[in-house]
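Results of the structural survey
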Amino acid sequence: MKTVVALGGEGIGVEVVEATCELLTAAGLPLKILTPPHGEAAQRTHGSPMPEETRRLCRQADGVLFGAAGGPASVAVITWLRWESDAYANVRPIKYYPGARSPLERPQGIDFVVLRENMEGLYPAREGRLDELARGMPELRDRIGRRVADHGEGAFAVKVVTRRGAERIARFACALARRRKARGHPGKVTCVTKSNILSASDGLFQQVAEAVVREHPDLAWEHYYVDDAARRLLRFPQAMDVVLCMNLYGDILSDLAAEAAGGLGLAPSGCYGDGWAYFESVHGSAPDIAGQGIANPTATILSAVMMLEHMGLAGEAERLERAVARVYREGRFLTPDQGGRASTREFCSAVLGALG
Ligand code: NAD
């Protein structure tokens, strides 16, 4: 028996996590699922959106499944799960399941991973007023020689890249590419930066990542600027394997890539640190459809698949993923984002039926 902590968060996050947990339980998986207080409700009852008891349960659990953040209380939950827990590697698989609604003419065979550096770059936000920056760094100039004080009133954001941060995510990328290569993928790391413009920050990331990948003669290395990478993800998605991205680029490109493979409703993720991991869909709280019972739970079910793998239940994970794939192939119980009429729960019942 493994213990899982399930935290819905906000909006459709609550709906898809509840439905996924019901599915996992009905499927007879050896899981004890705990749903401790968090978010707005915990703010009211415990005076904190992430009470100490909930943190303790998460730390002790074999798996943690999160729904989605929206407002400040659920953002506080993700802040703890991700940033305060140093979950630096965000693995976002992009895989086409035949029957999913891709806008591409030939989505067959799309199967890669966007690996997003999760702790640095422009996140978590470090912002301020330009006059504060001008006082602190009066001689800071842009590439055309203007000082900060020359701009007048405005705001700034600081992008941070460290050698350690770039190195550990590059090592994670290599380990992931090797595991995928063992399963028949090409064994390639595609690094994405904007080092032609941001030569110090993005340049450091690229340079460190390349040095790490070059230590692995069994892996191929390539690098694209983020604008070119966006185009390539649409035009040549089948050529991708592990796409190593700086934080913001990974956030944006993974939504784009998810859409190419069928939609945000299908995009799962896992956030890994050293001795810590939690799992969540790529999508947010979707206020436009929240409360209607029509959110696509696939992203959360596939996040649970990643969680099961992480917990050492690889056979169960594979069975669940195969059942999801079958529901898409058969196409009878798809949610509205996929052109179907099924509710969140009807989709989950179909997956349960397909588990066989
Ligand atoms: P979103 O991901 O919530 O929704 C974008 C669009 O995709 C919406 O039209 C939505 O209806 C649709 N969509 C998303 N998931 C779906 C699903 N499972 N099934 C069917 N349709 C789905 O992004 P947004 O609208 O830009 O942001 C809403 C809130 O979510 C914001 O507060 C944002 O900050 C937050 N957010 C949180 C996370 C996270 O928790 N990791 C990620 C992205 C956005």
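Residues numbered from 1 in each chain as written. Predicted model: local features only at pLDDT ≥ 70, side-chain atom pairs only at ≥ 80, totals over all residues. Heavy atoms only, no water.

Comments concerning a nonpolar patch on the surface
A cluster of nonpolar side chains, contributed by L122, L248 and I252, occupies part of the molecular surface with about 220 Å² of accessible area. In this structure, L248 sits in helix α9 (residues 247-261). (Patch = residues over 30% accessible without salt bridge, like charges linked within 9 Å, V, L, I, M, F, W, Y side chains within 5 Å. Areas by Shrake-Rupley, 256 points an atom, 1.4 Å probe, with all protein chains shown as cover. Salt bridge = Lys/Arg side-chain N within 4 Å of Asp/Glu carboxyl O. Helix = DSSP H or I, 4+ residues; strand = E, 2+ residues; numbered from the N terminus.)

So, the state of the cysteines
Applying the stated criterion across every chain, the model contains zero disulfides. No disulfide involves C58; its sulfur sits 12 Å from the nearest other cysteine sulfur, which is in C21. For C58, a relative accessible area of 1% gives the class buried. No disulfide involves C174; its sulfur sits 11 Å from that of C191, the nearest cysteine. (Disulfide = S-S within 2.5 Å. Buried < 20%, exposed > 50% of the residue type's maximum accessible area, 1.4 Å probe, protein only.)

Observations regarding unusual backbone geometry
With a phi close to 55 degrees, D86 is a non-glycine residue in the positive phi region. If you trace the backbone, D86 turns up in the loop between α4 (72-84) and β4 (89-95). Assessed through its relative accessible area of 26%, D86 is described here as partly exposed. We note that A286 has phi near 40 degrees; this positive angle belongs to a residue other than glycine. Structurally, the position occupied by A286 is in the loop between β12 (276-280) and α10 (298-310).

As for the pairing of strand β5 (residues 111-117)
In terms of burial, β5 is largely enclosed, as six of its seven residues are buried. Taken together, the seven bridges between β4 and β5 define a ladder with antiparallel strand orientation. Its bridge partner being in β5, V91 is matched across the sheet by L115. With four bridges connecting them, β5 and strand β10 (residues 242-245) associate as parallel partners. Each residue of the ladder has a partner; that of L115, found in β10, is L244. (Pairing = 2+ DSSP bridges.)

With respect to the side chain of T190
Among the secondary structure elements, T190 is positioned in strand β8 (residues 188-193). With a relative accessible area of 1%, T190 lands in the buried category. Of the polar contacts made by the side chain of T190, one reaches the side chain of E222; its length is 2.7 Å. Once residues lying within four places of it in the same chain are set aside, the contact partners of T190 are E222, Y224, M240, V242, V243 and L244. (Polar contact = N/O pair within 3.5 Å; in protein donor to acceptor, adjacent residues only side chain to side chain. Contact = heavy atoms within 4.5 Å.)

Comments concerning the environment of R232
With respect to the helices and strands, the residue R232 is situated in helix α8 (residues 226-235). Non-local contacts of R232, meaning those with residues more than four positions away in its chain, are made with Y224, P237 and M240. Within the structure, R232 has its side chain in polar contact with the side chain of Y224 (distance 3.5 Å).

Brief notes about the sheet that holds β4
With mixed pairing, the 10 strands of this open sheet are ordered in space as β2-β1-β3-β12-β11-β4-β5-β10-β8-β9. One side of each edge strand has no neighbouring strand; the edge strands of this open sheet are β2 (31-34) and β9 (220-225). Between one strand axis and the next, the sheet turns by 25 degrees as a mean value, whatever way the strands run. Across the sheet, helix α1 (residues 12-26) is in contact with β1 (2-9), β2 and β3 (63-68); its angle to β1 comes to roughly 155 degrees. (Axes fitted to C-alpha atoms, helices over the stretch in contact; angles between N-to-C directions.)

Some points on the packing of aromatic side chains
Considering all chains together, one arrives at six aromatic pairs under this definition. Taking the centre distance of 6.2 Å and the plane angle of 85 degrees together, the rings of Y88 and F172 count as edge-to-face. Taken together, the positions of Y88 in the loop between α4 and β4 and F172 in helix α6 (residues 163-182) put the pair 84 residues apart, joining distant regions of the chain. In this structure F172 comes out as buried when scored by relative accessible area, which is 16%. Through successive ring pairs, a cluster of aromatic residues spans Y88, F172, Y272 and F279. Between the NZ or CZ atom of R82 and the centre of the ring of W83, over which it lies, the distance is 5.7 Å. Against the face of Y123 rests R116, its NZ or CZ located 5.0 Å from the ring centre. (Phe/Tyr/Trp six-rings, centres within 6.5 Å; stacked < 30°, edge-to-face > 60°. Lys NZ or Arg CZ within 6 Å of the ring centre and 35° of its normal.)

Let's talk about the site of the ligand
Taken together, 20 residues sit near the ligand, with A69, G284, A286, D288 and N296 positioned nearest. One nitrogen or oxygen atom from the side chain of E280 is found 3.3 Å from a nitrogen atom belonging to the ligand. Contact with the protein chains hides 64% of the accessible area of the ligand, taken as 810 Å² for the molecule alone. Among the residues making up the shell around the ligand, the classes are represented as 10 nonpolar, six polar and four charged. (Near = heavy atom within 4 Å. Nonpolar A, V, L, I, M, F, W, Y, C, P; charged D, E, K, R; others polar.)

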